[in-house]
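# Observations on chain architecture
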Amino acid sequence: MTDNQRKHFGARLKEIRLAKKMTLQEFYSPIAKHVNNFSPIENGSRMIGKRLAEDVIKHYHINESWLATGIGKIYSIDELLRETNQLNAEPEEGVPFINVNPSDFSSEELNFLKEKPEYYVNFRPFNDCDAYLPVYGDSMVPKYSSGEIIAIREVVNKDIIQWGEAYLIMADESANNITTVKLLFEHETPGKIVLRAANADYKGDTILDKQAINRLFIVKGKITRNQL
């Protein structure tokens, strides 16, 4: 791909994103750390880098020829086949249970929400959540015990936090890519936040800059495996 071709990528990426009804965060967070950089790319005031363009093309199976010229089919053949299979598949009801430990993923790596679900949970109070995840470790006992399942929903506006509630926090490299479930509390210093374990045996708070948080999910509740 040439520099001249990449000048036109932004508007066509925006076309794909809007067709999928996805926000900038939803569309680009599986690919790049700084999602806000894509706004000027889509608007044409910045040209997408060659490596980044290749990552987007590969992730969404985009037809590079269409992205460069606007001519032809938007997706490569494997993506078209995948979407056809999805249309023919029976729709799943409820929220996906994804059997992964989020701590195994950093916010710069693969989006764990795109991992294949083991099954779906249709429980109306939590049906607005993004996923169910298993609990690992005992730092959140007695609130959440190892083996239980939590329902999480992503927070769009990180300035609005329900203090004292549990959140799944995914931080960037400035905070050592920490990924953890903790109770959040306000810090006396503006721009900082307190992460605290529910288990009294885990003494000491973790202080984090708000800007270090890449993704934030509120824990809406839990269910136990013998309820499924």
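Check the entry above for the structure.
One structure accompanies this document, and this report is about it. (Residues numbered from 1 in each chain as written. Predicted model: local features only at pLDDT ≥ 70, side-chain atom pairs only at ≥ 80, totals over all residues. Heavy atoms only, no water.)

### Concerning helix α2 (residues 9-19)
This is how it is decided: A simple rule labels every residue: compare its accessible area, found with a 1.4 Å probe on the protein chains alone, to the largest value its type can have, and call it buried under 20%, exposed over 50%, or partly exposed in between. To qualify as a helix, a DSSP run of H or I must reach at least 4 residues; to qualify as a strand, a run of E must reach at least 2; elements of each kind are numbered from the N terminus. For this quantity, the arc is that covered by the directions from the helix axis to the C-beta atoms.
Here α2 has its buried residues at F9, G10, R12, L13, I16 and R17. Looking straight down α2, one finds its buried side chains confined to an arc of 170°; they lie on one side. The first or second residue beyond α2 is K21, which carries a positive phi of 55°.

### Here we look at the packing of aromatic side chains
Two numbers describe a pair of aromatic rings. These are the distance of the centres and the angle of the planes. Quick note on the threshold: Two rings from Phe, Tyr or Trp (for Trp, the six-membered ring) form a pair when their centres sit within 6.5 Å of each other. Planes less than 30 degrees apart are called stacked, planes more than 60 degrees apart edge-to-face, and all others tilted.
In the structure shown here, the tally under the stated rule is six aromatic pairs. Centre to centre, the rings of Y28 and F38 are 3.8 Å apart; their planes meet at 10°, and the pair counts as stacked. Of the two residues, Y28 sits in helix α3 (residues 24-28) while F38 sits in helix α4 (residues 38-43), which places them ten residues apart along the sequence. Across the pair, F38 and Y28 agree in class, each one buried. Centroid distance F97 to Y119: 4.8 Å. Interplanar angle 15°. Geometry classified as stacked. Taken as a pair, F97 in strand β1 (residues 95-97) and Y119 in strand β2 (residues 119-121) lie far apart in primary sequence, 22 residues in all. For F97, a relative accessible area of 1% gives the class buried.

### Some points on the side chain of R12
Test applied: None of His or the chain ends enter the tally, which takes Lys and Arg as positive and Asp and Glu as negative. Any Lys or Arg side-chain nitrogen located within 4 Å of an Asp or Glu carboxyl oxygen qualifies as a salt bridge. Here a polar contact is recorded for every N or O atom pair within 3.5 Å, except that within protein the pair must consist of a potential hydrogen donor and a potential acceptor, and residues adjacent in sequence are included only if both atoms are side-chain atoms. Two residues qualify as a contact provided that any one of their heavy atoms is within 4.5 Å of a heavy atom in the partner residue.
By the secondary structure assignment, R12 is in helix α2. Notably, R12 is buried but unbridged: the nearest opposite-charge side chain belongs to E15, and the N-O separation is 5.9 Å. Reaching out from R12, the side chain makes a polar contact with the backbone oxygen of A68 at a distance of 3.2 Å. In this structure, R12 is in contact with W66, L67, A68, T69 and G70, ignoring residues within four places of it in sequence.

### Details of unusual backbone geometry
Apart from glycine, the bulk of residues carry a negative phi angle, and the bulk of peptide bonds sit in the trans form. Along the chain, V141 connects to P142 via a cis peptide bond; the corresponding omega equals 10°. Phi angles above zero are rare outside glycine, and H61 is one such case at about 55°. With relative accessibility at 27%, the residue H61 sits in the partly exposed group. Phi is positive for N177, close to 55°, though the residue is something other than glycine. With respect to the secondary-structure elements, N177 resides in the loop between β5 (166-171) and β6 (179-186).

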